[in-house]
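What the coordinates show
Chain residues, written in single-letter form:
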Amino acid sequence: MDGTLVVEVVEVVSTVIAFVALAVSFWFSRRQLLLQEQQAKDAQKQAEATAAQAAESNREAQAAARRAAASAALTIDDLSRIAGALEQLAAHPGSAGPAHPTGFEARTAVPVVAWSLTPDGPGRFRLANTGTATAHDVWVGGAASLDGPHGIAPGASLAPGAAATFTATVLPTTTDSTLTVTWADTTGSSERRSWRYPLPGV
């Protein structure tokens, strides 16, 4: 083998080694770039998931605050009605009945409808007439953001002590869990009374 051939072989080998080194370097660079891209995508997905979770938690917190505000408003409304009734009794002390011979007022009990709403299992509630009069043509409805009530047919009559059960669900986005009950004092009457109360235990 003469000197020229040796030089050519060395040049070929050097070129192959340089090419292999370049390919290896390119492969490592490409791998590192793909790894960085994947890490960036994972970080973006994590950030989006965290932001979505925070937004959902914020929506649920706002919905819970609105439910609490609606319940508080109902309590204030009930207290206002009670205070108004007491003021009316104080202003007209003899309006409840004729005077008793002993000097005390003989008050005649007027039959009235009264309601209680209690839990009756997971997602189930019991609406009972705790008053002394029959509620006719009873209708039960819920706020727009509440899922339910379900399973209670309209138009029923509930005598004193009678009850009806139904299901209702407070969703994460429910802003008002108020239940509304309307009824008539007599069958076929167009004059209706109403009672509003938030679902208990939610």
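A brief look at the structure comes next. Keep in mind that this is a model prediction, so the values were computed, not measured. (Residues numbered from 1 in each chain as written. Predicted model: local features only at pLDDT ≥ 70, side-chain atom pairs only at ≥ 80, totals over all residues. Heavy atoms only, no water.)

Here we take up the overall build of the chain. What the chain contains, in helices and strands, is 1 helix and 8 strands. For the chain, the succession of helices and strands along the chain, N to C, is α-β-β-β-β-β-β-β-β. When the 202 residues of the chain are sorted by exposure, 20% land in the buried category. If you take every contact in the chain between residues at least 6 apart in sequence, the share linking residues at least 24 apart comes to 53%. Here the chain has roughly 13,600 Å² of accessible surface; of this, 61% comes from carbon and sulfur atoms. (Helix = DSSP H or I, 4+ residues; strand = E, 2+ residues; numbered from the N terminus. Buried < 20%, exposed > 50% of the residue type's maximum accessible area, 1.4 Å probe, protein only. Contact = heavy atoms within 4.5 Å. Areas by Shrake-Rupley, 256 points an atom, 1.4 Å probe, with all protein chains shown as cover.)

The biggest cluster of nonpolar side chains holds 20 residues, and the ones touching the most others in it are W115, L117, L127, V138, F166, V181 and W183. Elements that contribute at least two residues to this core include exactly strand 1 (115-119), strand 2 (124-129), strand 3 (135-142), strand 6 (163-169) and strand 7 (178-184). Contacts of W115, omitting those with residues within four sequence positions, involve L127, A128, N129, T130, A135, V138, L158, V181, W183 and W195. (Core = buried A, V, L, I, M, F, W, Y, C linked by side-chain atoms within 4.5 Å.)

The omega torsion across G148 and P149 is 5 degrees, close enough to zero to call that bond cis. By secondary structure assignment, the location of P149 is in strand 4 (residues 147-150). Even without glycine at this site, D137 takes up a positive phi of about 50 degrees. Relative to the assigned elements, D137 resides in strand 3.

Bridge count for strand 3 against strand 5 (residues 156-158) is 2 bridges, and the pairing is antiparallel. In the sheet register, A135 faces strand 5, and the bridge partner there is L158. Pairing of strand 3 with strand 7 involves 5 bridges; the strand directions are antiparallel. The partner of H136 across the bridge, within strand 7, is A184. (Pairing = 2+ DSSP bridges.)

What follows is about the sheet that holds strand 1. What the 4 strands build is an open sheet, ordered 1-2-6-4; its pairing is antiparallel. Each having just a single partner strand, strand 1 and strand 4 make up the two edges of the open sheet. Going across the sheet, the axis of each strand differs from the next one's by a mean of 25 degrees, ignoring polarity. As defined by bridge partners, strand 4 adjoins strand 6 across 2 bridges and the pair is classed as antiparallel. Bridge pairing in strand 6 links D147 to T169. (Axes fitted to C-alpha atoms, helices over the stretch in contact; angles between N-to-C directions.)

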